Amino acid sequence: MKKTFWKADWFAGLVISLLFLFAGGSAILQGLERVAYDWGVRASSRDAGDQISIIAIDEQSIANIGRWPWSRNVHAEMTDMLAGAKAKVIGNTVFFTEPQIDPGLAYIRKITEFVQDAAGQGSELAIADTEEVASAPVQDESGHNPLLDGLRTLLDEARSALSTDARLSHSIANAGNVVLAMPFVIGEPRGNPDKPLPEYVSRNQLGKVMDRVGAGEAGLLPIPTIGVLPPIPELGEPAAAIGHLNVNPDVDGAIRSEPLVLEHYGQYYPSLSMQIAARYLNLQPQDIEVRLGEGVRLGKLNIATDPYLQMNTFFYEGADGRPVFPVDSFYDVYSGKIPVEKYRDRIVLIGATAEGIGDAQVTPISPAMKPIETLAHSVASILNEDFFISPTWAFWAERGLWLLIALYLILLLPRLRAGAAATVTVVLLGLLIAGHFYLMTQQGMWLQFASPAALLLVGHALLTTKRFLVTEQGKVKSEAESAESNRNLALMFQSQGQLDMAFDRLRKCPMDDSLMDLFYNLGLDFERKRQFNKAEAVFAYMAEYNPKYKDIEQRLNRSRAMAETIILGGGSAGRTNAGTLILDDGTVEKPMLGRYQIEKELGKGAMGVVYQGRDPKIGRVVAIKTMALAQEFEPDELEDVKARFFREAETAGRLNHPNIVTMYDAGEEHDLAYIAMEFLKGQDLTPYTKPDNLLSLDKVADIIIKTAEALDYAHSYNVVHRDIKPANIMYEPETGNVKVTDFGIARITDSSRTKTGMVLGTPSYMSPEQLAGKKVDGRSDLFSLGVMFYQLVSGQLPFTGDSMATLMFKIANEEHANIRTLNPDVSPCLSDIIDRMLEKDADKRYARGAEIAADIRRCLGQVG
């Protein structure tokens, strides 16, 4: 039978491999190849250089200069500015395919024609608006008409001023380094062109064309075109060069390649990017050598392409989110805000980035890259010889990989066990992925490894699934025997009191009605042992199969209630419920901790769980802070931890202030220590640090005054809080009551005690001396209070950083932004108070909280 399975797997592997071979050109597999290509591009790292700058026609420029399209006077002035700054090459991507005629220019031309006709016919121009004009001679001694001559002069001046094309033509001619763009119409010619291209276009064709590999016979020629939209002659003739700005999207619509050359009825025309690179290298189109089917040679640069002369562009990624190429707003340069001298000896690319002017392009590094940025990447790729090539042997290498994977699926995989097969598959997949990334990132080569990788994964999955389904039938009998064995072992373990092992064995049996009784009895045994959390797990497991079985719903709710109110204790015995009782009627008595009755869990504190409790003798609601010492610490640490825990109670117990939480009691049951303290209403200040939920300045000032006075009181007892932050200040909006909480990390600063407790805190609020690990006093709390004050009035922290090291450096060395720049409503005197609280030198900071409270009151009085 094993031999039959192997034959079936061999045939299945062969079918899968052949399907992948014939589907290699499908959209799905080609899409996978492009995804792998994009990953390889993003994983590659190269330097784009600093010779390219972009001047963007963005929303800001359109808003300030005017609606698009602009008068060509604007382009002329920018060209003059860049030419004056000695820019090396100016690449303008605006299509100047139609003349721009000012409405006034049309009338000037009509008037000019009329005057010329009048002068030609010898007519007299009768102007009698004034006596002086009427008495003027029609002709002078030489026979000229002075009125017509003056009118001609004015008309010439008006025509020159209104002809923006002439103005731009003059600027392009003076610059001598402007490269313009023109679009070709892609298509397969079926005859001869209607008319030859203008001389100023045809002079850009490439003359050095070589065919060393028989590309013409094999049909490996550049993309053909049937038409072109050249710039108007007035602008095209003075241009230094003209290049096409056509793109050829990939199968998924993304732009990954640049067609460096297009064919137009047997003539070859370069792309705009190659023309710009050539001008930068002081080369003419006649200096560009085209090697059909291989690539392009530009001076000493050898640009390898695909057989159709398309370059796989290298897309550069900037560091820390910054753009690779500097992008300046057209308006900022035009208005002089950005000095034009920065473009000296650079390639300057001018193009649109505003929404609605040109479509964004999908590239390997961006889902929405502007065409002008794509052009910059193409120019940099040419100048740096950074591009990805598919070598001539790539086809055979890809077919060899397919054959290797196919042989593995057909011959080897069916003979391997599941674990060994998974290991070999993972190793082969890892080699394919590593090879793909190595070739792209280190060698600049792109081989299509995604299809062999997909064949490997899909083939492995299908063959192993088939094997599992075929062999699963033979396991049914074995599993039935295993279920009976597990059932008997579970009953034996339960009779011996080993309930956990019994539960594990029963869960390995297929669930049915006959097992429900066994699970139910096991849950009752857990209850008898007062292990209610485990009883809950048993009843929950049963409820998934049949939630209506007997009284399982009531049992589950009761066990869950017991698990939620469970109290830790009992020495090393772990979790118990010694303080919890189940009455005869089945109700649950809430557990006791010392003399307090536990109501519910409130949350996790700095050192343990916090419960809401009640003193049954006087009915007072309290917050009870606990720590299960035996479970949290090793025995050799236990005594020190207990001492630290009760030192917190001692610290809090020494403080009696209306703005400091009151501590009522402390105690210990077994290894569970607890502190009972005042139960506070309201919430902490964290929600009021959000920019859209800030309190009024008066309320913030009142909070800071009360907190400062509470800290002044604590500091008078040598108690430093060490973690002042919004989360540790409780605030009740209705009454304005403020309470400082959690002295759990406070440290007694008596001279007799140098280290009592852990040095903790929240980094964003810590003082420079606290971050440096120095011994701190009350002034450290006042710095933290200043950080909180700053955040409550602005919605931002004064110091932020991407990492702990950056944050610590800023707190210790950099000045915070003035609070009035974030919230202009803050008065100058309040700003001065915040600045003094945030002094990095503790000696220059406030010495006492009472001084802060007094200064704030004085400031509020002055403002009021």
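Refer to the preceding data block for the structure.
Residues numbered from 1 in each chain as written. Predicted model: local features only at pLDDT ≥ 70, side-chain atom pairs only at ≥ 80, totals over all residues. Heavy atoms only, no water.

Caption draft 1: Structural view of helix H31 (residues 849-863). A rise of 1.5 Å per residue sets the reference length of H31, with its 15 residues, at 21 Å; its end C-alpha atoms lie 21 Å apart and thus fit the reference within 8%. Within H31, the full set of buried residues consists of Gly849, Ile852, Ala853, Asp855, Ile856 and Cys859. Down the axis of H31, the smallest arc covering the buried residues is 165°, so these residues share one side. Exposed side of H31, more than 90 degrees from the buried face: Gly861 and Gln862 are the residues found there. In this fold, the buried residues of H31 make contact with helix H25 (697-716), helix H27 (778-794) and helix H30 (828-837). (Helix = DSSP H or I, 4+ residues; strand = E, 2+ residues; numbered from the N terminus. Expected span 1.5 Å × (residues − 1). Buried < 20%, exposed > 50% of the residue type's maximum accessible area, 1.4 Å probe, protein only. Arc of directions from axis to C-beta. Contact = heavy atoms within 4.5 Å.)

Caption draft 2: Expanded view of the nonpolar core. Within the largest apolar cluster, 49 residues are counted, with the highest numbers of intra-cluster contacts made by Leu685, Ile704, Leu785, Phe789 and Ile856. Of all the secondary structure elements, the ones that give two or more residues to this core are H25, strand E32 (729-732), strand E33 (737-740), H27, helix H28 (804-813), H30 and H31. With ten residues, H25 is the largest single contributor of residues to this core. Look past the residues within four positions of Ile856 in its chain and what remains in contact with it is Ala701, Ile704, Ile705, Phe789, Leu830 and Ile833. Ranked by size, the runner-up nonpolar core spans 47 residues in total, among them Leu301, Tyr316, Leu349 and Leu375. (Core = buried A, V, L, I, M, F, W, Y, C linked by side-chain atoms within 4.5 Å.)

Caption draft 3: Here's a closer look at the pattern of salt bridges. Considering all chains together, one arrives at 27 salt bridges under this definition. Taking the shortest distance from any N to any O, the salt bridge between Arg203 and Glu199 comes out at 3.7 Å. Classification of Glu199 as exposed rests on a relative accessible area of 51%. In this structure, the salt-bridge partner of Lys550 is Asp517, at a minimum N-O distance of 3.6 Å. In this pair, Lys550 is assigned in the loop between helix H21 (532-545) and helix H22 (552-564) and Asp517 in helix H20 (residues 513-528), connecting sequence segments 33 residues apart. Its relative accessible area of 53% is what places Lys550 among the exposed residues. The exposure class of Asp517 is partly exposed, given its relative accessible area of 38%. Counted as one network, the salt bridges with shared partners bring together Arg34, Asp38, Asp250, Asp252 and Arg256. (Salt bridge = Lys/Arg side-chain N within 4 Å of Asp/Glu carboxyl O.)

Caption draft 4: The arrangement of the packing of aromatic side chains in detail. Taken as a whole and judged by the stated rule, the model has 18 aromatic pairs. Between Phe519 and Tyr541 the ring centres are 5.2 Å apart and the planes differ by 50°, which places this aromatic pair in the tilted class. On the criterion of sequence distance, the pair formed by Phe519 in helix H20 and Tyr541 in helix H21 is long-range, its members being 22 residues apart. Look at Phe519 and you get buried, because its relative accessible area is 0%. Judged by relative accessible area, which is 23%, Tyr541 ranks as partly exposed. An aromatic cluster is present here, built from Tyr37, Phe314, Tyr316, Phe325, Phe388 and Trp446 joined pairwise through their rings. Above the plane of the ring of Tyr280 lies Lys88, whose end atom (NZ or CZ) is 4.9 Å from the centre. For the cation-ring pair, Arg507 lies above Phe503, with the distance from its terminal atom to the ring centre recorded as 4.2 Å. (Phe/Tyr/Trp six-rings, centres within 6.5 Å; stacked < 30°, edge-to-face > 60°. Lys NZ or Arg CZ within 6 Å of the ring centre and 35° of its normal.)

Caption draft 5: A look at the pairing of strand E18 (residues 366-369). Of the strand pairs in this sheet, strand E17 (residues 361-363) and E18 are connected by two bridges, and their pairing is antiparallel. Paired with Gln361 across the bridge in E18 is Met369. Adjacent in sequence and paired antiparallel, E17 and E18 are bridged by two residues. (Pairing = 2+ DSSP bridges.)

Caption draft 6: Geometry of the side chain of His715. By secondary structure assignment, the location of His715 is in helix H25. One polar contact links His715 to Asp781, side chain to side chain, over a distance of 2.9 Å. The contacts of His715, once residues within four sequence positions are left out, are Val720, Gly778, Asp781 and Leu782. (Polar contact = N/O pair within 3.5 Å; in protein donor to acceptor, adjacent residues only side chain to side chain.)

Caption draft 7: View of the packing of helix H4 (residues 72-84) against helix H8 (residues 164-175). One can describe the packing of H4 onto H8 by two numbers: an axis separation of 8 Å at closest approach and a directional angle of 15°. Relative to H8, the element H4 is oriented roughly parallel. Pair H4 / H8 crosses with left-handed handedness. Taken together, the residues of H8 that come into contact with H4 (itself represented by Arg72, Asn73, His75, Ala76, Glu77, Thr79, Asp80 and Ala83) are Thr164, Asp165, Arg167, Leu168, Ser171, Ile172 and Ala175. (Axes fitted to C-alpha atoms, helices over the stretch in contact; angles between N-to-C directions. Parallel < 35°, antiparallel > 145°, perpendicular 65-115°, else oblique. Left-handed = near helix turned anticlockwise from the far one by under 90°.)

Caption draft 8: Expanded view of a nonpolar patch on the surface. Among the surface-exposed residues, Leu403, Leu407 and Leu411 lie close enough to one another that they form a single nonpolar patch of about 250 Å² accessible area. In this fold, Leu407 is placed in helix H15 (residues 394-412). Accessibility expressed as a relative area gives 41% for Leu407, which makes it partly exposed. (Patch = residues over 30% accessible without salt bridge, like charges linked within 9 Å, V, L, I, M, F, W, Y side chains within 5 Å. Areas by Shrake-Rupley, 256 points an atom, 1.4 Å probe, with all protein chains shown as cover.)

Caption draft 9: Spotlight on the state of the cysteines. This model, assessed by the stated rule, comprises one disulfide. Disulfide partner of Cys829: Cys859, at an S-S distance of 1.8 Å. Across the S-S bond linking Cys829 and Cys859, the dihedral sits near 60°, which makes this disulfide right-handed. One end of the pair, Cys829, is in helix H30; the other, Cys859, is in helix H31, with 30 residues separating them in the sequence. (Disulfide = S-S within 2.5 Å.)

Caption draft 10: Just the sheet that holds strand E13 (residues 301-304), in detail. Spatially, the four strands line up as an open sheet ordered E5-E11-E12-E13, and their pairing is mixed. Edge positions in the sheet fall to strand E5 (208-210) and E13, since each of these pairs with one other strand and no more. In this sheet, neighbouring strand axes are inclined to one another by 15° on average, regardless of whether the strands run parallel or antiparallel. The pairing of strand E12 (residues 295-298) with E13 spans four bridges and is classified as antiparallel.

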